[in-house]
Amino acid sequence: MPRLFTGLEIPSQTALMLSMLRGGLRGARWIDPENYHLTLRFIGDIDDRTADEVVAALDRIRRDPIEIRLNGLGSFGNGRPHAVWARVEPTAQLAELQAEQERILQRIHLPPERRKYIPHVTVARCKTSTNEDVAKWLSERGNFQAPPFVAGRFVLFSAKASVGGGPYLVEEAYPLAA
C-alpha cells in the first residue's frame, strides 16, 4: 500500500538556505535537504487501484506556475512542539491549487483533510524539544527569508511508512502551465 501526498518541490538553492537553519535545537530530528517539500494534500496509505485513480484525477488539473516565497519560521504542536517549519507566504494561486486537489480527491471518495491548510516547509521534527527550546530557536532565527522561486509543477510523492521526514519519491509530476 503506498503512502501518498501531493506537493511542490523545493529548489536546491532554497534547500541549501533551509539547511543552514539546522542545529541549535535540542531534541530535533532534522529533515534532509533533499526531502524538503511543500505539502499540498496528504493522501495517506491507499491501495494500488485507488492510487491509479489519484494519478488519473490529478492529471486533469490545469494551473499556471506559482511563485513561492518563504518568509519566517514557526512550529506546530498542541502543548508540546512536534515540528518546526519555514512559513510559505499564502497566495490565492497556492490556495486554489490546494483546494482543487482537495475537491478532486474527495470526488474519488478519499476522506477530507480535517486540518486547516497552512503552507509550510518542515525543517525538523521535534522529538523531545521543549516549548522553551523551540521558542529560543525561533527567536534566534525567526527573520528567515529566502528569494522567491517559481514552482513549474506539482508532484505526487510516495513515502515509506516511518516517523516522517523521508525518503520521499516522486511518483508522478504534473506541469503547472494552464
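Placed above this text is the structure.
Each chain has its residues counted from 1, running along the sequence as written. Reporting in this predicted model follows two pLDDT cut-offs: at least 70 for local features of residues, and 80 or more for side-chain atom pairs to be given and counted; totals over whole chains, interfaces and linings ignore these cut-offs and use all residues. Excluded from the side-chain calculation are hydrogens and water; included are all heavy atoms of the structure.

A. Spatial organisation of the overall build of the protein chain. In terms of regular secondary structure, the protein chain is built from four helices and 10 strands. Its helices and strands taken in sequence order, the protein chain reads β-α-β-β-α-β-β-β-α-β-α-β-β-β from the N to the C terminus. C-alpha atoms define the radius of gyration in this analysis, and the globule rule sets the expected value at 2.2 Å times the number of residues to the power 0.38. Taking 2.2 N^0.38 as the reference for a compact globule, 178 residues should give roughly 16 Å; the C-alpha atoms of the protein chain span a radius of gyration of 16 Å, in line with that estimate. In terms of overall dimensions, the protein chain has a C-alpha envelope of 45 × 30 × 25 Å along the principal axes. Going along the chain from the N terminus, every DSSP run of H or I of four or more residues is numbered as a helix, and every run of E of two or more is numbered as a strand.

B. Representation of the environment of V55 within the structure. With respect to the element layout, V55 can be found in helix α2 (residues 48–58). When its relative accessible area of 24% is taken as the criterion, V55 is described as partly exposed. Here the alpha-carbon distance between V55 and E100, two residues 45 residues apart in the chain, equals 14 Å. Throughout, a residue-residue contact means that at least one pair of heavy atoms, one from each residue, lies within 4.5 Å. Apart from the residues within four sequence positions on either side, V55 is in contact with L156, E172 and Y174. Burial status follows relative accessibility: with a 1.4 Å probe on protein chains alone, a residue under 20% of its type maximum counts as buried, one over 50% as exposed, and anything between as partly exposed.

C. Region of interest: the pairing of strand β1 (residues 3–9). For β1, a buried count of five out of seven residues is recorded, marking the element as mostly surrounded by other parts of the structure. Pairing analysis gives seven bridges linking β1 to strand β3 (residues 37–45), with the strands arranged antiparallel. Each residue of the ladder has a partner; that of R3, found in β3, is D45. Any two strands are treated as partners once DSSP identifies two or more bridges connecting them. Here β1 pairs with strand β9 (residues 153–159) via five bridges, running antiparallel. Bridging across to β9, L4 finds its partner in S158.

D. Structural detail: the packing of aromatic side chains. Aromatic contacts are taken between Phe, Tyr and Trp rings whose centres are within 6.5 Å, Trp giving its six-membered ring; a plane angle under 30 degrees counts as stacked, one over 60 as edge-to-face, and the others as tilted. Scanning all chains against the criterion turns up six aromatic pairs. On the numbers, 5.8 Å between centres and 45° between planes, the contact of W30 with W137 is tilted. One end of the pair, W30, is in strand β2 (residues 28–30); the other, W137, is in helix α4 (residues 131–141), with 107 residues separating them in the sequence. Comparing W30 with W137 shows no difference in burial state: the two are buried.

E. The arrangement of α2 in detail. Residues T50, A51, V54, A57 and L58 constitute the buried set of α2. Down the axis of α2, the buried set is contained in an arc of 125°. They therefore lie on one face. Facing away from the buried side of α2, by more than 90 degrees, are the exposed residues D48, R49 and D52. Among the structural elements, β1, β3, α3 (92–107), β9 and β10 (168–175) are those in contact with the buried residues of α2. Counting of polar contacts relies on pairs of N or O atoms within 3.5 Å, with two restrictions inside protein: one atom must be capable of donating a hydrogen and the other of accepting it, and residues adjacent in sequence are counted only when both atoms are side-chain atoms. Capping the start of α2 is the job of one residue whose side-chain oxygen sits 3.1 Å from the backbone nitrogen of R49: D47. The directions from the helix axis to the C-beta atoms are what the arc is built from.

F. Highlighting α4. Among the residues making up α4, those that are buried are D133, V134, W137, L138 and R141. Along the long axis of α4, the arc covered by the buried residues comes to 125°, so they all point the same way. Counted as exposed and oriented over 90 degrees from the buried face of α4: E132 and S139.

Worth remembering: the numbers are spatial, not functional.
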